[in-house]
Amino acid sequence: MAFEGLAERLQGTIQRIKGKGKVSEADVKEMMREVRFALIEADVNLKVVKEFVKKVSERAVGQDVMESLTPGQQVVKIVKDELTNLMGGEQSKIEFATKQPTVIMMVGLQGAGKTTTSGKLAGMLRKKHNRKPLLVAADVYRPAAVQQLETIGKQLSLPVFSKGTDLSPVEISRQAIEYAKAEHLDTVIIDTAGRLHVDENLMQELKDIRALKEPDEIFLVVDAMTGQDAVNVAQNFNEAIGITGVVLTKLDGDTRGGAALSIRSVTDKPIKFVGMGEKMDALEAFYPERMASRILG
Ligand code: GDP
């Protein structure tokens, strides 16, 4: 299960301070030493850990906490609040265009789960938002990505715009947007090409697709299992093309949690959805508060 180690460590620490009738600065210090250790072990970005510990410590030794009737519980609440803030606070919504169609670009490195997530997202938008999605097979470099998206489209009974692998991703996307307009499909989800590494060509191609019609969302798909690498990838993509949100996949695996806890703080972009499995319905909106509760028990 995801966050298992982190949850176990934090919950132990929290239990110890929760019952205390009095909390001293030394108690807070000791607790924060353990929290820091737990976060580092969970592969959370070091700068993020430092800031988090500082914020919680400052609030926890405040007079109102120390003098309250239940200081232990107050401290626990502060940890939970700050953990929620760290992951973005409020759950963020998806943006739809006022002028049709809405364009959503799915970007990311190969293997992150971009094609799968494109399908999941299309299914979710149809079901929950009553949208009429068009899936666009613009990942022309990864072998079988186009067929994979076609298969997903069949499975979900959703249209897939696909032109094989001869045309450029930019040209495919351009035609797809025209097609969506003609067919009154209101949401174009472009499964862009991934690469093994972040590189100039990839970014240029994404910029060219972005220039066709300003996308309403640019979702970066990253694999939670890759920890700090996922955070670096998010930073790179954000600096190069400007993402609007992150989809964190494979959270059903036993990820330590570093990516989930660091991405917002490092990139200032929210995690919007999480992938919870390979099946087409395994995509969930990301709720920072629920995630914090899950971690803290
Ligand atoms: P792409 O190269 O980024 O398009 O990656 P794919 O969509 O082909 O996904 C790569 C692999 O990850 C596939 O085997 C997917 O089934 C799997 N995958 C994608 N998302 C999830 C997820 O949320 N959980 C799990 N367990 N597997 C996932």
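Taking an unreviewed UniProt entry as the reference, the chain is identified by name as Signal recognition particle protein belonging to Planomicrobium soli. Entered under Subcellular location (unreviewed entry) in the UniProt record, the comment concerning the chain runs "Cytoplasm". Of the comments in the UniProt record for the chain, the one headed Catalytic activity (unreviewed entry) reads "GTP + H2O = GDP + phosphate + H(+)".

It is worth spelling out a positive patch on the surface at this point. The grouping of Lys-29, Arg-33, Arg-36 and Lys-50 at the surface amounts to a positive patch. With three residues, helix 2 (residues 25-41) is the single largest residue contributor to the positive patch. Note that Lys-29 resides in helix 2.

We now examine the packing of helix 3 (residues 46-60) against helix 5 (residues 71-86). One can describe the packing of helix 3 onto helix 5 by two numbers: an axis separation of 10 Å at closest approach and a directional angle of 145 degrees. Here the hand of the crossing between helix 3 and helix 5 comes out right-handed. Side by side, helix 3 and helix 5 meet where Val-48, Phe-52, Lys-55, Val-56, Arg-59 and Ala-60 of the first sit next to Val-75, Ile-78, Val-79, Asp-81, Glu-82, Leu-83 and Leu-86 of the second.

With that out of the way, let us pick up the pattern of salt bridges. Counting across every chain of the model gives 19 salt bridges. As a salt-bridge pair, Lys-20 and Asp-27 come within 3.5 Å of each other at their nearest N and O atoms. Lys-20 gets classed as partly exposed once you look at its relative accessible area, which sits at 34%. Of the residues examined, Asp-27 reaches a relative accessible area of 18% and is grouped as buried. Connected through shared salt-bridge partners, Arg-59, Lys-77, Asp-81 and Glu-82 make up one network.

So, about the site of the ligand. Around the ligand, the structure places 18 residues, and the nearest of them are Gly-111, Lys-114, Thr-116, Asp-252 and Glu-278. Contact distances for the ligand include 2.7 Å between a nitrogen atom and a side-chain N or O atom of Asp-252. Relative to its unbound accessible surface of 580 Å², the ligand loses 82% to contact with the protein. More than half of the atoms belonging to the ligand lie within 2 Å of the grid points that define the largest pocket. Of all the elements, helix 6 (residues 114-129) adds the most residues to the shell around the ligand, at four residues.

Thresholds, definitions, all that
- Residues numbered from 1 in each chain as written.
- Predicted model: local features only at pLDDT ≥ 70, side-chain atom pairs only at ≥ 80, totals over all residues.
- Heavy atoms only, no water.
- UniProt positions renumbered as here; feature names shortened; annotations may be inferred.
- Patch = residues over 30% accessible without salt bridge, like charges linked within 9 Å, V, L, I, M, F, W, Y side chains within 5 Å.
- Areas by Shrake-Rupley, 256 points an atom, 1.4 Å probe, with all protein chains shown as cover.
- Salt bridge = Lys/Arg side-chain N within 4 Å of Asp/Glu carboxyl O.
- Lys, Arg positive; Asp, Glu negative; His and termini not counted.
- Charge placed at Lys NZ, Arg CZ, Asp CG, Glu CD.
- Helix = DSSP H or I, 4+ residues; strand = E, 2+ residues; numbered from the N terminus.
- Axes fitted to C-alpha atoms, helices over the stretch in contact; angles between N-to-C directions.
- Left-handed = near helix turned anticlockwise from the far one by under 90°.
- Contact = heavy atoms within 4.5 Å.
- Buried < 20%, exposed > 50% of the residue type's maximum accessible area, 1.4 Å probe, protein only.
- Near = heavy atom within 4 Å.
- Polar contact = N/O pair within 3.5 Å; in protein donor to acceptor, adjacent residues only side chain to side chain.
- 1 Å grid on protein atoms, 1.4 Å probe; cavity = no way out; pocket = protein on both sides within 12 Å on 5 of 7 lines; lining within 4 Å.
- Sits in = over half its atoms within 2 Å of the grid points.

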